Amino acid sequence: MESIGVLMACPMNSYLEQQLDKRFKLYRFWTVPDKSSFLASHKDSIQAVVGNAGAGADAELIEALPKLEIVASFSVGLDKIDLAKCKEKGIRVTNTPDVLTEDVADLAIGLMLAVLRKLCESDRYVRSGKWKKGDYVLTTKFTGKKVGIIGLGRIGMAIAKRAEAFSCPISYYTRTEKPDIKYKYYPSVVELAAHCDILVVACPLTKETHHIINREVIDALGPKGVLINIGRGPHVDEPELVSALVERRLGGAGLDVFENEPYVPEELFGLDNVVLLPHVGSGTVETRQAMADLVIGNLEAHFQKKPLLTPVV
Amino acid sequence: MNNIGVLMTCPMLEYLEKQLEARFKLFKAWNLSSSKPDFFKKHSNSIKAVVGDTTVGADAALIDSLPNLEIVASYSVGLDKIDLEKCKEKGINVTNTPDVLTDDVADLCIGLALAVLRKICVCDQFVKSGNWINGDLGLASKFSGKSVGIVGLGRIGSAIAKRSEAFNCHISYHSRSEKPNTNYKYYSNIVDLAANCQILIVACALTEETHHIVNRKVIDALGPKGILINIGRGAHVDEPELVSALLEGRLGGAGLDVFENEPDVPEELLALENVVLVPHVGSDTEETSKAMADLVISNLEAHFKGEALLTPVT
């Protein structure tokens, strides 16, 4: 398979790079000075694209690669891939579900605890020597808080399971009510927000879910409510979120994703009720290795004409 | 009951102070109107209750100086700052605040484990200092599925176990004797527990026997990939040994809510990225502080009305 051209969209994982290098003819798109002339000269040799949450395969790229057979995403999210175009052209698409579910759910709970109990703030308090001058402020209890989850897929369910162990009543919103689910369903995000203390975004990013967290939802969540976003930045109307937090119309937020990563609104930096993470939902040694192995596994299966491990299209 | 003297040993919660002031004759040991000896000369006979906490409790000296002391109500579940022997000897009732703070302490424990393994505080600092535009941080460690070893399987230890199970963690524990009715694996020796888990959690009471229960041997057994979480008492851990193990990479990381000499924290820890340090906040939420205060008040009222104490320490 060493003659098969694989285009890696951006740096994502050195282990994955090494593995791709070993097995295929790897092209690192981010090192190319002139992308369009590169594509023009290499279009016939590239049969696969490896993308991630940051860069995938949009219509323009797909059109530029006539021999493209498979897009293997180093992510579970597919919002950076033009799925319709892939379907149209018979291009296979794979992602990395399941292997990262636990990590993302763990981080969601970690963010809830960090925001409510002000873990990072109190850690800073100790490190700056302030504890010698007096105790830290009282924070907010997590156990028993009502958790509302948008999207009850693998990640949403894993978050629910964990939150239940903290005696949190669980409610959710999805496009249609799920059968056999014991959690309370709300037919709109605004109603969900009005009836929970902690609102978690855990659904895929699509045209319909773009800015699903808007001013109305933020108002419904309210000055004691906390927003946790482990989905995608564009799920949230970021300027609205920022003003709500700055004006204390929203109680707090734990954010792993932003509309324009790695840029984060600076107005958030000084807030003690906000925890900001650099898109690390699946960022553990264990999980990134498992994701990389799944990307490789899918590519090998495809080129060996075996069934794909985790096909989306 | 407004003429019953109650001595509060140190500042703990304004709400508690106000409630005590409204019901009793409250004396604040940190804010005496005269010198200590003069104060005791004048008021010691009228003081029938002491309200203490984890910082200042009721030691033998204090108990001996209050001849009419009937009850010590602790604003804590831990009793290490109370001379229980002396109280028993003198027939002084002791109450604490179990149950109402169990969830908060267990929550903090899980929060610390997640913060250490997933580098949450490091990441938050990274973003808030504007460094993300220069590149990503390195990878962290997964929490789900790790093996958790709990020292002490009382209310708090069990609550920690319950939460950890939801993260598919394998649970084992050490206590003085094996507990019936649990499925968790028991180790009669704490070194064996440490050798067989990845996250070791201190959740037992501080007594003479458990002083420095986490020592060099235990730390070595936990090892360079192991994490220590202490939500018990600072004195549970041989702090200098812990510090050198962390500095030398012999221990993977630590999440600490308590220290041997609060509020002093070993300086060497302040620069480490694999530790999370919080200022003894285990039960410090608005909800729980109020519940603890209400329990202190209720115990005192019950005592002085001749009713059954709500949470007596036997």
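Residues numbered from 1 in each chain as written. Chains lettered and ligands numbered in written order. Predicted model: local features only at pLDDT ≥ 70, side-chain atom pairs only at ≥ 80, totals over all residues. Heavy atoms only, no water.

**Brief notes about the overall build of chain A**
In terms of regular secondary structure, chain A is built from eleven helices and twelve strands. Against the compact-globule benchmark of 20 Å for 313 residues, chain A has a radius of gyration of 21 Å, which places it among compact chains. Along the first, second and third principal axes, the C-alpha set of chain A runs to 65 × 50 × 30 Å. Look at the contacts in chain A between residues 6 or more apart in sequence, and 58% of them connect residues 24 or more apart. Carbon together with sulfur atoms contributes 51% to the accessible area of chain A, which is approximately 13,000 Å² in total. (Helix = DSSP H or I, 4+ residues; strand = E, 2+ residues; numbered from the N terminus. Rg over C-alpha atoms; globule rule 2.2 N^0.38 Å. Contact = heavy atoms within 4.5 Å. Areas by Shrake-Rupley, 256 points an atom, 1.4 Å probe, with all protein chains shown as cover.)

**Regarding the overall build of chain B**
Regarding its fold elements, chain B presents eleven helices and twelve strands. For 314 residues, the compact-globule formula gives about 20 Å, and the C-alpha radius of gyration of chain B, at 21 Å, lands near that figure. Across its three principal axes, chain B shows a C-alpha extent of roughly 65 × 50 × 30 Å. Counting all 314 residues of chain B, 56% fall into the buried class. (Buried < 20%, exposed > 50% of the residue type's maximum accessible area, 1.4 Å probe, protein only.)

**Focus: the environment of P98 of chain B**
All names here are of chain B. Checked against the element boundaries, P98 lands in the loop between β5 (93-95) and α5 (102-117). According to the relative accessible area criterion, P98 is buried, its value standing at 8%. Remark: the alpha-carbon pair of P98 and M292, spanning 194 residues in sequence, is separated by 8.5 Å. Excluding anything up to four places from it in sequence, P98 contacts V77, R155, L295 and T311.

**Some remarks on the nonpolar core**
Ranked by size, the top nonpolar core spans 154 residues in total, and within it I159 of chain A together with L16 of chain B carry the most contacts. With residues up to four places along the chain from it excluded, the contact list for I159 of chain A reads A105, A108, I109, M112, I149, V200, A202 and I230 of chain A. Judged by nonpolar contacts, the second largest core, of 34 residues, contains L221, L268 and F269 of chain A together with V127 of chain B. (Core = buried A, V, L, I, M, F, W, Y, C linked by side-chain atoms within 4.5 Å.)

**Thoughts on the UniProt feature "domain: D-isomer specific 2-hydroxyacid dehydrogenase catalytic" (unreviewed entry) in chain B**
Under the present numbering, the feature "domain: D-isomer specific 2-hydroxyacid dehydrogenase catalytic" (unreviewed entry) in UniProt falls on residues 27-313 of chain B. End C-alpha atoms of residues 27-313 of chain B are separated by 24 Å, and the span's content is 34% helix alongside 15% strand. (UniProt positions renumbered as here; feature names shortened; annotations may be inferred.)

**So, the interface of chain B and chain A**
With 59 residues of chain B in contact, the opposing surface of chain A contributes 58 residues. Interface area for chain B against chain A, summed over the two sides, is near 5,000 Å², with a carbon-plus-sulfur share of 60%. Taken as a group, R118, K128 and W132 of chain B account for 16% of the area that chain B buries against chain A, more than any other trio of residues on that side. In this structure, the connection of chain B to chain A is made through nine salt bridges. Taken together, the connections running from chain B to chain A amount to 29 residue pairs in polar contact (both at pLDDT 80 or more). When residues of the side of chain B that touches chain A are traced back to their parent elements, those giving at least two are α5, α6 (120-128), α7 (155-165), β12 (275-277) and α11 (286-304) of chain B. Among the residues forming the side of chain B that touches chain A, the class breakdown is 31 nonpolar, twelve polar and 16 charged. (Buried area = accessible area lost by both parts, 1.4 Å probe. Salt bridge = Lys/Arg side-chain N within 4 Å of Asp/Glu carboxyl O. Polar contact = N/O pair within 3.5 Å; in protein donor to acceptor, adjacent residues only side chain to side chain. Nonpolar A, V, L, I, M, F, W, Y, C, P; charged D, E, K, R; others polar.)

**Considerations on the sheet that holds strand β1 (residues 5-8) of chain B**
Residues and elements named next belong to chain B. Read from one edge of the open sheet, five strands run β2-β1-β3-β4-β5, paired in parallel fashion. If you trace the sheet from one side to the other, it starts and ends with β2 (25-28) and β5, each paired once. Each neighbouring strand pair of the sheet contributes to a mean axis angle of 20°, computed without reference to strand direction. Contacting β3 (47-52), β4 (71-74) and β5, α11 crosses the sheet at an angle of about 165° to β4. (Pairing = 2+ DSSP bridges. Axes fitted to C-alpha atoms, helices over the stretch in contact; angles between N-to-C directions.)

**Side note on the UniProt feature "domain: D-isomer specific 2-hydroxyacid dehydrogenase catalytic" (unreviewed entry) in chain A**
What UniProt calls "domain: D-isomer specific 2-hydroxyacid dehydrogenase catalytic" (unreviewed entry) maps, in this numbering, to residues 17-312 of chain A. The annotated region residues 17-312 of chain A carries 35% helix and 14% strand content, and the separation between its end C-alpha atoms amounts to 23 Å.

**Examining the pattern of salt bridges**
Residues and elements named next belong to chain B. Tallied over the full model, the rule gives 43 salt bridges over all chains. Linking K28 and E17 is a salt bridge whose minimum nitrogen-to-oxygen distance equals 2.9 Å. Of the two residues, K28 is situated in strand β2 and E17 in helix α1 (residues 14-23); the sequence distance between them amounts to eleven residues. As far as burial versus exposure is concerned, K28 and E17 are alike and both buried. Ionic pairing is found between K128 and D124, a salt bridge with its closest N-O pair at 3.1 Å. Taken as a pair, K128 and D124 lie in helix α6 at a separation of four residues, close to a single helical turn. A single burial state applies to K128 and to D124, both of which are buried.

**Observations concerning the packing of α1 of chain B against α11 of chain B**
All names here are of chain B. Running from N to C, α1 and α11 point in directions that differ by 20°, and their axes come no closer than 9 Å. Classified by the angle their axes make, α1 and α11 are roughly parallel. For the crossing formed where α1 meets α11, the hand is right-handed. Taken together, the residues of α11 that come into contact with α1 (itself represented by Y15, L16, Q19, L20 and R23) are K290, A293, D294, V296, I297, L300 and E301. Residue classes in the contact of α1 with α11 are distributed as seven nonpolar, one polar and four charged. (Parallel < 35°, antiparallel > 145°, perpendicular 65-115°, else oblique. Left-handed = near helix turned anticlockwise from the far one by under 90°.)

**Details of the UniProt feature "domain: D-isomer specific 2-hydroxyacid dehydrogenase NAD-binding" (unreviewed entry) in chain A**
The positions UniProt marks with the feature "domain: D-isomer specific 2-hydroxyacid dehydrogenase NAD-binding" (unreviewed entry) are residues 109-281 of chain A. Span residues 109-281 of chain A is 29% helix and 14% strand, its end C-alpha atoms 11 Å apart.

**Regarding the packing of aromatic side chains**
Tallied over the entire structure, the rule returns 14 aromatic pairs over all chains. Centre to centre, the rings of W131 of chain A and F259 of chain B are 5.8 Å apart; their planes meet at 70°, and the pair counts as edge-to-face. Linking W131 of chain A in the loop between α6 (119-127) and β6 (147-150) with F259 of chain B in the loop between β11 (253-256) and β12, this pair reaches from one chain into another. Residue W131 of chain A shares its accessibility class with F259 of chain B, and that shared class is buried. A cation over a ring is seen here: K185 of chain B above Y187 of chain B, with NZ or CZ 5.1 Å from the ring centre. (Phe/Tyr/Trp six-rings, centres within 6.5 Å; stacked < 30°, edge-to-face > 60°. Lys NZ or Arg CZ within 6 Å of the ring centre and 35° of its normal.)

**Quick look at empty space enclosed by the protein**
Residue and element names in this part refer to chain A. Scanning all chains against the criterion turns up two cavities of 30 Å³ or more. In this structure, the largest cavity occupies an estimated 40 Å³ of space. Looking at the largest cavity, the residues that line it are N229, G233, V236, E238, L241, L255, V257 and F258. In terms of residue class, the lining of the largest cavity is built from five nonpolar, two polar and one charged. Its boundaries defined by the atoms lining it, the second largest cavity holds a volume of some 30 Å³. Looking at the lining of the second largest cavity residue by residue, the class counts come to four nonpolar, two polar and two charged. (1 Å grid on protein atoms, 1.4 Å probe; cavity = no way out; pocket = protein on both sides within 12 Å on 5 of 7 lines; lining within 4 Å. Points joined across faces, edges and corners; volume = space filled by probe spheres on them.)

**A word on the state of the cysteines**
Taken as a whole and judged by the stated rule, the model has zero disulfides over all chains. Residue C121 of chain B stays outside any disulfide, its sulfur separated by 3.6 Å from that of C120 of chain A, the closest cysteine. For C121 of chain B, a relative accessible area of 9% corresponds to the buried category. We note that C197 of chain B lacks a disulfide partner, and the nearest cysteine sulfur, in C169 of chain B, lies 11 Å from it. (Disulfide = S-S within 2.5 Å.)

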